[in-house]
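# A structural walkthrough
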Amino acid sequence: MVGWNTTDLEMFFPVDEAQPGLFGFHVAQPASEEVILAGHELDALAAYQETGIPAVSLPKGPYQLPLDAMPALERFERVYVWLDDDHQGAEAAKLITRKLGVDRCLIVSTRGGNPHGPKSASIALARGHDLVKIIEASLPVQHDKVLNFSALREAVKFEVTNPDLIRGVESKDLPGWNTCFKGLRPGELTILSGPTGCGKTTVISQMSLDFCKSGVSTLWGSFEIPNVRLATRMLSQFVRRDISKKPDDVDYWSRKFEQIPLYFLKFHGSTQPETVLETMRHAVYAHDVKHIVIDNLQFMMSMQAKGMDKYDAQDAAIATFRRFATEENVHITVVAHLRKDQPSSDVDINSIFGSAKVTQEADNVVILQRHGGAASKVRCINILKNRFDGTLGKVFISYDKETLTFKEIPAPRNRKGLKIIKFAGSERLSMADRIVAEAELSEPFDDGADMR
């Protein structure tokens, strides 16, 4: 292991219909009373080699413990949860210990409070650290309802000394999103709104795929668009081309698509929030879901109430999602409509349908709108609330017909009354003007309204 290049680590996915299992489980003897649960196969090998304790790795990526793997772990009296020692790994470790039982689980911290320490067991072994001492320093999970500063001290120190690590999971598609929000963090509620037909569903499906490919287990609740159509569009976004143009490739890319941690709620149209909540809670428990998308709030709440009562019902639903995000430590993105009497060119944080409670409960408020009016083909992601650090701003994007996704573009210049045309001569458009011009001449995917 010494001298091993950590950049060579890759996730192995089984082919076809094969299902992964608990790697290393065969070394656990019937009399074994303790086991190490690692995130990667190499970490399990390193831990078993140095400690002598049977070690297994999670079967579906470093942050998920599926229900069908839990019975195999029931016979062990003590489980050492040894995942990557970073923010995402720490959150996954807490979730897994709750599933297995906090009374018999210990969380292993490879770094031991040192921000420059090794992130995983295999890296610690490669650097010459004593893995026995590391596992002896493991600690139980504290009760999540009673805390003193001693329980928070290391977390506070970690947050202060590692600001980049608590930013959350960054978007690879939209760097401008990271500039404002820094990343996708658990425990937050995001409201995404915008005029009908501006592409809200297209944007959030692309972004949820982006995070999903980074290991964020995602649950999609599409109450407006049938799951088959949504999944077809997301598969094309995953491939970065219209998969319907090459139907022979569907089976190949479907097998790839099945490997990412993406799940769908089997609801459509008006649904009681309590029913949705119960299913969400099961998904968090069974599939370690960390990001939930509700698209959209008004379709889910339709027929639930009439008149002024519909505002109270919507407020209650938002309060329920807010509480769920905090208690289950997941990120919830809710797509909501604008008020019908609101001009699309004059929207702000008060333009979202419902009472002020909708935006008050939210950690983040984002409005997607056409830049320059209804005829414009450029989209603007307008970030109007950011509770994490208060950074606000605009991200400009345009639709790419070839990849069926949005791409980030430079901020358009304010050139009222000007029209970009092709011309001959020695003059040349700047790169920024050229990108904007191409965006304004392209047609984004509306298909009626938001992929409907």
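In what follows, the structure referred to is the one given above.
These remarks concern the structure in this document.

The rules behind the values
Residues numbered from 1 in each chain as written. Predicted model: local features only at pLDDT ≥ 70, side-chain atom pairs only at ≥ 80, totals over all residues. Heavy atoms only, no water. Helix = DSSP H or I, 4+ residues; strand = E, 2+ residues; numbered from the N terminus. Contact = heavy atoms within 4.5 Å. Areas by Shrake-Rupley, 256 points an atom, 1.4 Å probe, with all protein chains shown as cover. Phe/Tyr/Trp six-rings, centres within 6.5 Å; stacked < 30°, edge-to-face > 60°. Buried < 20%, exposed > 50% of the residue type's maximum accessible area, 1.4 Å probe, protein only. Lys NZ or Arg CZ within 6 Å of the ring centre and 35° of its normal. Pairing = 2+ DSSP bridges. Axes fitted to C-alpha atoms, helices over the stretch in contact; angles between N-to-C directions.

### Observations concerning the overall build of the chain
If you tally the helices and strands in the chain, you get 14 helices and 14 strands. Taking the contacts inside the chain whose residues are at least 6 apart along the sequence as the reference set, 69% of them involve residues at least 24 apart. Per element, the accessible surface of the chain, about 22,400 Å² overall, is 53% carbon and sulfur.

### A few points about the packing of aromatic side chains
Tallied over the full model, the rule gives seven aromatic pairs. When the ring of phenylalanine 238 is compared with that of tryptophan 253, the centres are 6.3 Å apart and the planes differ by 80 degrees; the resulting orientation is edge-to-face. Of this pair, phenylalanine 238 sits in helix α8 (residues 227-239) while tryptophan 253 is found in helix α9 (residues 250-257), placing the two residues 15 residues apart along the sequence. Ring geometry for tyrosine 252 and tryptophan 253: centres 5.2 Å apart, planes at 80 degrees, overall edge-to-face. For tryptophan 253, a relative accessible area of 23% puts it in the partly exposed group. Three or more aromatic residues joined by ring pairs make a cluster, and in this case those are Phe238, Tyr252, Trp253 and Phe257. Stacked on the ring of tyrosine 285, the Lys or Arg lysine 99 has its end atom at 5.7 Å from the ring centre.

### Quick word on the sheet that holds strand β3 (residues 78-82)
Pairing is mixed across the open sheet formed by five strands, whose spatial order is β2-β1-β3-β4-β5. The two strands at the open ends of the sheet, each matched to only one other strand, are β2 (55-57) and β5 (139-140). Relative to β5, strand β4 (residues 105-107) is paired through two bridges, and the arrangement is antiparallel. When the sheet's bridge partners are listed, leucine 106 is paired in β5 with proline 140. Contacts from helix α1 (residues 41-51) reach β1 (34-38), β2 and β3 within the one sheet, and its direction differs from that of β2 by about 175 degrees.

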